[in-house]
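# Summary of structural features
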Amino acid sequence: MKVGIIGSGGREHSICQMIKNSKKINEIFCFPGNAGTEDIARNIDLDLDNFENIKKFILENEIDLIVVGPENPLVNGLVDYLEKYKIKVFGPNKVASQLEGSKIFTKKLCQKFNIPTANFGIFKNKSDSKQFLKKSNYPIVIKADNLASGKGVYICNNENEAHSAIEEIFDGKFGKAENLLIEEFLDGEEMSFFTIHDGKIFKNFGTAQDHKRVLEGDQGKNTGGMGAYSPSRLINNDLEKKIINKIINPTLKGLTELGCSYKGFLYAGLMIVKNEPYLIEYNVRMGDPECQTILPKLKTNLIDILIACCENKLHKIDIEWYDKKSLCIVLCSNGYPDKYQKNVKIKNFDQTKLKKNEFLFHAGTVKQNGEIYAIGGRVLNYVCLSEDFKTAKENIINRLTKLNWVNGFYRKDIGYKVIKQ
Ligand code: AMP
Ligand code: GLY
């Protein structure tokens, strides 16, 4: 069969990599892909906002299954559009994608179905928001409603910081803002919980913890993710049951009441406070770099799982995992998440031959005349599976030291909570 993957990050390269060895796969297309996917797939540079052109390409090339990696095309309704033309797509539809596309949609769902989450208020203008702050405790969290690539969230330590967050959001920093959210600060440890859905049932798809801040010690600006490890140290049977019963099941019930089922990956960003889960946010896709971190642990071929999901047959699949720890470190361009240089050559690249249990997934890279160039903020993801997190991390650091890319940097403390010094 022919499979098309939408996206160009480490997540999409890892998906390509994990399906390529299946006997079922004849050809993989990646829209638009990166230097890593180019070795195993046909990279196709199409405008992801132009649904008609995407559909035309898929039909002309007789692609049997499309997997959507990032949130934007999902929130914009690509799945609904392609399904109208009888194209098989793995990913949630537009209504369900509001779980990520609108924080207020999700908060209202939490309210209606008693899903544990931070207490919150929705405000329509600057003055009501500021009025509310007069009687608030700090820290407090202020969020833009719409998709903001992880950047529309402010943790404010005092009224001044809160005022400038409100100004920035209503002044349109994340697009036109009709409202914003002010919520209680939850003091706990974060965990990402993944499930995979076929429209009828779902199965667990692992846990992870990522490091979103750019600097060591989880300091500095938010990024797309500087590294991750799986499983989370917080997960246990009791917590898993609570997450499913108090968060995932009521969410699916809420979607059913809207006449909508869920197909695709669902990523619950949770705060765990004394072994109790609170929903911080939903993403309607795999995380990046959590996807690169979790997929190497998968024993069952990913393509069989994805096909089963598109045919409402997930109950027929037993998802098996390697009982190993996985850790991922992201190599970024100097300057990320602010300004960074583009088209910078990565020298020494061919020295990076990988051992079993080591994986290298490209993100912002292109290949020109056989050489690899960095074109994005996040450039390469090194992942290692091991019996313990410490060994996995040491192996990756060895690789990165050998590569010695002077135009980039990475966090040397990924997984510090699970690696005793
Ligand atoms: P989000 O984009 O909603 O995941 O928020 C980005 C980050 O802000 C999260 O990963 C948390 O670290 C933090 N955050 C968001 N909401 C809260 C909250 N209510 N309490 C504490 N931290 C939060
Ligand atoms: N690593 C966070 C995300 O994918 O949203």
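Calculation notes
Residues numbered from 1 in each chain as written. Chains lettered and ligands numbered in written order. Predicted model: local features only at pLDDT ≥ 70, side-chain atom pairs only at ≥ 80, totals over all residues. Heavy atoms only, no water. Near = heavy atom within 4 Å. Polar contact = N/O pair within 3.5 Å; in protein donor to acceptor, adjacent residues only side chain to side chain. Areas by Shrake-Rupley, 256 points an atom, 1.4 Å probe, with all protein chains shown as cover. Nonpolar A, V, L, I, M, F, W, Y, C, P; charged D, E, K, R; others polar. Buried < 20%, exposed > 50% of the residue type's maximum accessible area, 1.4 Å probe, protein only. Helix = DSSP H or I, 4+ residues; strand = E, 2+ residues; numbered from the N terminus. Pairing = 2+ DSSP bridges. Axes fitted to C-alpha atoms, helices over the stretch in contact; angles between N-to-C directions. Parallel < 35°, antiparallel > 145°, perpendicular 65-115°, else oblique. Contact = heavy atoms within 4.5 Å.

### Overview of the site of ligand 2
- Ligand 2 sits among Asp 210, Gly 224, Tyr 267, Asn 283, Arg 285, Gly 287, Asp 288, Pro 289 and Glu 290.
- Gly 224 has a polar backbone atom sitting 3.2 Å from a nitrogen atom of ligand 2.
- Glu 290 is positioned such that a nitrogen or oxygen atom in its side chain is 2.9 Å from a nitrogen atom of ligand 2.
- Relative to its unbound accessible surface of 200 Å², ligand 2 loses 90% to contact with the protein.
- For the shell around ligand 2, the class distribution of residues is two nonpolar, three polar and four charged.

### A look at the pairing of strand E8 (residues 153-156)
- What you see with E8 is a clean split: Tyr 154 and Cys 156 sit on the buried side and Val 153 and Ile 155 on the side with no burial.
- Across four bridges, the pairing between strand E7 (residues 140-144) and E8 is antiparallel. Within the sheet, the bridge partner assigned to Lys 143 lies in E8 and is Val 153.

### Remarks on the packing of helix H6 (residues 94-101) against helix H7 (residues 103-112)
- Contact geometry of H6 with H7 gives a least axis separation of 6 Å together with a crossing angle of 95°. The orientation of H6 relative to H7 falls into the category roughly perpendicular. The segment H6 lies against H7, with Val 95, Gln 98, Leu 99 and Gly 101 engaging Lys 103, Phe 105, Thr 106 and Leu 109.
- Looking at side-chain class alone, the contact of H6 with H7 contains four nonpolar, three polar and one charged residues.

### Describing the site of ligand 1
- Not every one of the 15 residues close to ligand 1 is listed here, only the nearest: Glu 183, Glu 184, Leu 186, Glu 190 and Glu 281.
- Residue Lys 103 places a side-chain N or O atom 3.2 Å away from an oxygen atom belonging to ligand 1.
- For ligand 1, an oxygen atom lies 2.9 Å from a polar atom in the side chain of Glu 281.
- The protein chains hide 91% of the 470 Å² of surface that ligand 1 would expose on its own.
- Listing elements by their share of the shell around ligand 1, those giving two or more residues are E7, E8, strand E9 (180-184) and strand E16 (276-283).
- Residue classes in the shell around ligand 1 are distributed as eight nonpolar, no polar and seven charged.

Just geometry here; none of it tells us what the structure is for.
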